[in-house]
Amino acid sequence: MMMPRGNTTAGIGLSLLFLSFASTSSFANPATEAIKEWFERLRGLGASTATYERLEERDPDGATLIGATIKFPLVFDLPAGGNLDAAITIRIPETHLSDVEPVPEGLNIGNWEAPGTAEFHAKGAIVEKGRGDTAGKAYPFNIVVKQTDALTTDYFLPAFPRIDDDPNKPISRYFEWLRWAVAIRGSEASSKNLEIFSKEMPDGSQSYDRYEDIRSVGISNGQIETYSIGNFISEQTFSIGDGANAVDMTIRQEAENSISRGLDIKPILRAFSIMPADDANQEGTILETSEINGVSVSFHEGKAAIQRIGMGGFSLDPAAKAFDLGEFLDSIALGELENASEEELIAKARDGLALLGGMSLSYLDIDAVAVEATNLNGVIESMGGQGLSYEGVERAFIRGVSFKGPDDISFGLKRFELSGLELAELPRYVDLVVASAGGHEPGLYDILPVIPRLGRLDIEGLDITAPDVAENISLENYRFSASGFIDPIPTEVTSRTDKLSFPISLLEDEDARALLEGMGITQITYDDELRINWDEETQDLTLERLSFEMKDGIKARADLVIGGIPRLAFERPDQAQAALATATIKGGTIEISDARVIAAMMEKEAAKANMSTDTLAHGLADQAQNALGAAADTDFGNSLREAVRTFLTNQKRIELSIKPDSPVPLAQVIGMLVTAPDQLPEILGLEIKAAQ
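Residues numbered from 1 in each chain as written. Predicted model: local features only at pLDDT ≥ 70, side-chain atom pairs only at ≥ 80, totals over all residues. Heavy atoms only, no water.

What's the story with helix H14 (residues 635-650) in this structure? I'm lost.
Since the α-helix turns once every 3.6 residues, residues separated by three or four places project in the same direction. Over its 16 residues, H14 runs 23 Å from end to end, which matches the ideal 22 Å to within 8%, given 1.5 Å per residue. Its buried side turned inward, H14 meets strand E24 (584-593), helix H12 (596-609), helix H13 (613-626), strand E25 (653-658), helix H16 (680-684) and strand E27 (686-690). Phi for Gln651, located one or two positions after H14, is positive at around 55 degrees. (Helix = DSSP H or I, 4+ residues; strand = E, 2+ residues; numbered from the N terminus. Expected span 1.5 Å × (residues − 1). Contact = heavy atoms within 4.5 Å.)

This is how it looks when you write it as structure tokens:
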């Protein structure tokens, strides 16, 4: 969504047109002398027009300027070919200055007032170089900015900087203007309204923006204490599709009011090497807080509204490596970038992304979102987050979601929240692209660094309903957490699902659907839980509470402890097989109970075979014992046959336990499967039993 973006210094923009100067005679009116000198400088800077109708003294240190017109032609070749042919025209009908005082560094102005409407007009075209049909094709643009009733108080405007004519710095030499602007000071700047008309753009779009009651308070050293807009309207018109299939679209945005506090441009200027990094103020905060109220958007098929958007702590890490924007733009203008080596281009891409990675937002809150569209209507109670950046999210959430779509399909969500999301440093993605260049498959250690890490995920109160087909998907709670990451594999993972419910029609297996229908089950509801933990001190990998429970169907649980898992298995996954050579089986249990679905399956299969369920249970128990091969005739084999028969008969509970006298090497188990399978049950301490 587009945010209100009015002129952040309101009256400054127009005041800069004529108020700065190098020196003024102490015997003349300082205001009129400054304005005369400014217009001379404009002509010297290449203005084709720099005139005014009248210039009148207004008290000993004031002046009134009537009918100012300034025009700059902009005609130059573009680095990518083609040229820009345009002109900028500024018209200021009336301006009043008072309490003007020249000082060695510039000019103090008590009040600057521009009643009426001043106009900034940029019109021209970008002409494409091209070949064939595109040769000489023009892309016109026409932008008009109007500012009404501007007023500034207690302003200091520094003397103009000197711009050296350095052919090796065709762009960066003008950055001196940005450094100059930082030195501007003032108590307050305001404007009744500001309008921007984009009447014609190269892509064929048009737009209109209007900002009312713009006010900036406390301007000093590149900072603004408070910046507010009373009301904002924006309307964009564009086409989708080509030729006869083109459809005109209009998007209108409005906001009742907005206020921002603690703005500072210096961190951005430092980040792009426009200001020195050793500046005394090394704070990285660009915006302390901002709030926009009563936002609404209307579009072709509907409308949306947001009660409030709040954010704060937008900053750029002062320790982030600066990206030399001036050098980069100069190299483009001089055509040097075209001849840069692949290594140089990669380095610039890495530097630019590293800078983005240093940007962060302390918090974002969006309250009361409502959407009304042709095929979608609904609300979101709130959403937002804390600690947001390109390289991670401390916390993000969405609450109170309720939407209704076509055919009365509804979607509801009480809460979705994630925390501890860590993303790769942005330059890592450049490394992955480089590794994938030329059709090469990136290696494991090219991919691992860009795998995200998620600390926790919570979902509560999910409900999806389709009334026409009487189907419903719901989830009471789901929680996932991971910690103890080792590049980037977690060493502790827990998850829990409470009451996930969905229709059996979603099952792909026809036999499974038929079985459940025969049990009278049309909606599956189940819970599950899992905990995996690796203890670096003991080197034990514990699989705990791997459980599953289907309502009126079956319960299952497994626990397992594997020892001898070294850190190397996580640090070097490609060597995990070698690392597992030290793995041992220390113990575990597997349990199945309350298996109504087993009873239904037994009845169905017994009917097919024209036998009783007891006969089928005996037969399946014998098959289970025989499947042990050489271990079939062991005590464990006999216990297995009896336990399986009992469980298939009463479906109460069956439990397999692994209780070796001492940890058994996994390599030994694998070897004994071939050489001495009959000894495995004793070595592993296997026991199996079923409840009577």
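From this point on, the discussion continues.
Could you clarify how one ought to interpret the pattern of salt bridges in this entry?
One side chain can pair with another of opposite charge once the charged atoms of both are near each other. Enumeration over the complete set of coordinates arrives at 42 salt bridges. The closest approach of N and O atoms between Arg210 and Glu212, which form a salt bridge, is 2.8 Å. Linking Lys321 and Asp351 is a salt bridge whose minimum nitrogen-to-oxygen distance equals 3.6 Å. Taken as a pair, Lys321 in the loop between strand E13 (302-316) and helix H5 (325-333) and Asp351 in helix H6 (residues 342-357) lie far apart in primary sequence, 30 residues in all. Residue classification places Asp351 among the partly exposed residues on the basis of a relative accessible area of 26%. Salt bridges sharing common partners tie together Glu492, Arg496, Asp498, Glu529, Arg531, Glu544 and Arg545. (Salt bridge = Lys/Arg side-chain N within 4 Å of Asp/Glu carboxyl O. Buried < 20%, exposed > 50% of the residue type's maximum accessible area, 1.4 Å probe, protein only.)

For this particular structure, what's the right way to read the packing of H12 against H13?
Each pair of packed helices can be described by the angle between their axes along with the distance between the axes. The geometry of H12 relative to H13 is characterised by a closest axis approach of 9 Å and an angle of 100 degrees between their N-to-C directions. In terms of orientation, H12 lies roughly perpendicular with respect to H13. Residues Met602, Glu603, Glu605 and Ala606 of H12 form the contact with H13, whose own contacting residues are Thr613, Leu616, Ala617 and Leu620. Taken together, the residues of the contact of H12 with H13 break down into five nonpolar, one polar and two charged. (Axes fitted to C-alpha atoms, helices over the stretch in contact; angles between N-to-C directions. Parallel < 35°, antiparallel > 145°, perpendicular 65-115°, else oblique. Nonpolar A, V, L, I, M, F, W, Y, C, P; charged D, E, K, R; others polar.)

Any chance you could explain the pairing of strand E3 (residues 63-77) here in plain terms?
One face of the sheet, then the other: side chains in a regular strand alternate in exactly this way. Here strand E1 (residues 49-51) runs beside E3; their pairing, made up of three bridges, is antiparallel. Bridging from a neighbouring strand, Thr51 pairs with Thr69 of E3. Pairing of strand E2 (residues 54-57) with E3 involves four bridges; the strand directions are antiparallel. In the strand pairing of E3, Glu56 is matched with Thr64. Between the end of E2 and the start of E3, which pair antiparallel, lie five residues, with Asp59 showing a positive phi angle near 70 degrees. By the bridge criterion, 14 bridges tie E3 to strand E4 (residues 83-103) in an arrangement that is antiparallel. The residue bridging Ala63 from the neighbouring strand is Leu97, located in E4. (Pairing = 2+ DSSP bridges.)

Looking at this model, I keep getting lost on the confidence of the model for the protein. Mind explaining?
Close inspection of predicted coordinates is inappropriate for parts of the model with low pLDDT. Chain-level pLDDT for the protein is 89 on average; 93% of the residues reach the 70-or-more range. A low-confidence stretch, residues 1-26 stays under pLDDT 50, and its non-local contacts, those more than four residues away or across chains, total 97 contacts. (pLDDT = per-residue confidence, 0-100.)

How do you make sense of the packing of H6 against helix H7 (residues 427-436) when you look at a structure like this?
Contact pair H6 / H7: the axes reach a minimum separation of 8 Å and the direction vectors enclose 150 degrees. If you check the angle between H6 and H7, you find them roughly antiparallel. Contacts between H6 and H7 involve Ile346, Ala349, Arg350, Leu353 and Ala354 on the former and, on the latter, Pro427, Val430, Asp431 and Val434. In the contact of H6 with H7, the residues fall into seven nonpolar, no polar and two charged.

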